[in-house]
Amino acid sequence: MPGLEDEQSVNMDKLTQLQDCIEQLLLIMKLAVVQLVQRSDFKQVSPDIPVTKSRPKDKIDSPQKFEENKRELVADLVRKAKQIELIIESLPAPEPEQAQAARFEQLEQEMQKVNEEYQAAVERAKRLHKEITAIFRELTNAENTTF
Amino acid sequence: MDDADAAIAAEQQEVKNPFPTPPAYWMRYTPENLRLLGVLKEKLGHGEEWIRTRDQKDDEENVDQEALLSEETLLPSFPLLELEPPRLDWVLEQEEYSSFGELYPTNEITQVFPPGLDKLHNLEPGTDRRPQLRQLLVSLLNAYHKLLSDVLEPVPSGYHRPPSPSRLDAGGDPSGMNGNVEWPPPLNWEATILWIRTLVLNLGWMVNEFRPIQARMTLESMMQRQIETRREETRMIHGKCDELEKTLADLRAKASTLLPSVSDSTPRDLMIEGESADLKTGMASSGPTTSMPSLTIEDVIAWSQEATI
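Residue numbers restart at each chain and count upward from 1, following the sequence in its written direction. Throughout, the order in which chains and ligands are written sets their labels, letters from A for the former and numbers from 1 for the latter. Confidence filtering applies because this is a predicted model: local features only for residues at pLDDT of at least 70, side-chain atom pairs given and counted only at 80 or more, and all residues used for totals across whole chains, interfaces and linings. Processing note: side-chain calculations cover all non-hydrogen atoms of the structure and skip hydrogens and water entirely.

Draft legend 1. Highlighting the overall build of chain A. In terms of regular secondary structure, chain A is built from 3 helices and 0 strands. For chain A, the succession of helices and strands along the chain, N to C, is α-α-α. Only protein chains enter the calculation, and the probe is 1.4 Å; a residue is then buried if its accessible area is under 20% of its type maximum, exposed if over 50%, and partly exposed in between. Within chain A, buried positions represent 30% of all 147 residues. Across chain A, the fraction of contacts at a sequence separation of at least 24, relative to all contacts at a separation of at least 6, is 61%. Accessibility throughout is a Shrake-Rupley quantity obtained with a 1.4 Å probe, and a residue counts as covered only by protein chains that appear here. When the accessible area of chain A is evaluated, it comes to approximately 10,000 Å², of which 56% is carbon and sulfur surface. Starting at the N terminus, helices and strands are each numbered in turn, a helix being any DSSP run of H or I of at least four residues and a strand any DSSP run of E of at least two. Contacts are assigned to residue pairs that have any heavy atoms within 4.5 Å of one another.

Pasting the structure below:
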């Protein structure tokens, strides 16, 4: 079982991470679409048809800003998609149920054995404790009777 | 009754509280009340079966707890039989129960793939999910790419109205269509958006499928850690016991050197090696007799100061 300890701490978050990344990817997509649709001005496509309408200037990004945003969005999108792919890669491969069930059984037996050993140790400690208190009691009694 | 009403009111106020207190009637379960309940049940004379299968009206009509428990003082204001656990068959009949002010159904359905959504993957439990996840991701990116160009398509002339709600079930239709559902050809981007939605929902579903696996792994590692902790504790206890035994042995050695006149059969030695039953005989015999070696108090103090446990 490779590195179950760190898997336990990281795996807990991996699925949540994955879900978060998917959400972020969708967000980036939405922002890019909004950029295209809502924040761009009309551009002259054909030399014969002039630009007759334009959008109000406060809702528009200038061409440089558009370029910047475009670059940023594209970079983010690609990075996020790569992240998602990495996380998917790192998810555990599936395992046949029997193997896992067998492992669980073995763990349980081990658990019981260890528990028994623990009990034995506790018993030993208790016995020692009894002995020691007996000795103390006897000591104090003895010193009383010697007077 | 008033404390039940107060409890309900308080409960309703706390419904939004993320850490609600338990329902107020927990205060009824005092030892005294429980004892009274026991007495009442005896007086009623019915067996356990009746308690479990009684009807509502049996409680109210037949049980007059004041009369039955007339010799007890300080009877509580509510019928004591309410302290019994709630009837499971009644709850099952009603098919819901209330917990912290919210109703939950009793027939819990485990997660089912939402009907009406195309299933884009096969969900055999043994197979590896990861390539399918990757495929979904790639499909998503492709669909998005298509969307970007679809969104920039020119709108056909005369196409003013927003898409009909039956085609795109995202939110309401603000302009209020006048019943004309069959709108001639749907725009490309609508279809693309629907497809993206399908993809994303499938993706989410598949990710959730991983959760049980994660839970199992967590369980396994928790068990491992527990085993190790136990082992560690056992080891420590044994270590401590060894130390103590060593100290005891030292003590005995000291005792035998301090009291060279003592042979192995002194009551004190007997007691150390024997069980607690012998302890008593040892003490009894060492009490009045003078065969007890004279252990002075200075010796005891010296010993107690050097024995570091």
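Draft legend 2. Representation of the overall build of chain B within the structure. On a plain count of helices and strands, chain B comes out with 11 helices and 2 strands. The linear arrangement of helices and strands in chain B, starting from the amino end, is α-α-α-α-α-α-β-β-α-α-α-α-α. For chain B, the proportion of its 309 residues judged to be buried stands at 27%. For chain B, long-range pairs separated by at least 24 residues make up 67% of all intrachain contacts whose partners lie at least 6 apart in sequence. Carbon and sulfur atoms form 58% of the exposed surface of chain B, whose accessible area is close to 20,700 Å².

Draft legend 3. Structural view of the pattern of salt bridges. A pair is scored as a salt bridge if a Lys or Arg side-chain nitrogen falls within 4 Å of a carboxyl oxygen belonging to Asp or Glu. This model, assessed by the stated rule, comprises 13 salt bridges over all chains. The residue A:Asp76 makes a salt bridge to A:Arg79 at a minimum N-O spacing of 3.2 Å. Of the two residues, A:Asp76 and A:Arg79 are both situated in helix α2 (residues 63–90); the distance of 3 residues between them amounts to about one turn of the helix. Classification of A:Asp76 as partly exposed rests on a relative accessible area of 23%. We note a salt bridge from B:Arg231 to A:Glu110, for which the minimum N-O separation is 2.8 Å.

Draft legend 4. Geometry of the packing of aromatic side chains. Stacked, tilted and edge-to-face are the three classes assigned to paired rings of Phe, Tyr and Trp, where Trp is represented by its six-membered ring and a pair needs centres within 6.5 Å; plane angles under 30 degrees give stacked, over 60 edge-to-face, the rest tilted. As enumerated under the stated definition, the model contains 0 aromatic pairs over all chains in all. As a reminder, the over-ring test applies to NZ of lysine and CZ of arginine, requiring each to be within 6 Å of the ring centre and within 35 degrees of the ring normal. Above the face of the A:Tyr118 ring, B:Arg230 is positioned so that its terminal group lies 4.8 Å from the ring centre.

Draft legend 5. Region of the structure containing the nonpolar core. Take the buried Ala, Val, Leu, Ile, Met, Phe, Trp, Tyr and Cys residues and link them wherever side-chain atoms come within 4.5 Å; each set so joined is a nonpolar core. Core analysis: the biggest nonpolar cluster contains 29 residues, and A:Leu18, A:Leu25, A:Ile84, B:Leu133, B:Leu140 and B:Tyr144 have the highest contact counts within it. Secondary structure elements with two or more residues in this core: α1 (4–38) and α2 of chain A together with α7 (130–151) and α8 (188–258) of chain B. No other element matches α1(A), which puts 9 residues into this core. Beyond its immediate chain neighbours, meaning those up to four positions away, B:Tyr144 contacts A:Ile28, A:Met29, A:Ala32, A:Val33, A:Leu77 and B:Ile196.

By themselves, these figures tell us nothing about what the structure is for.
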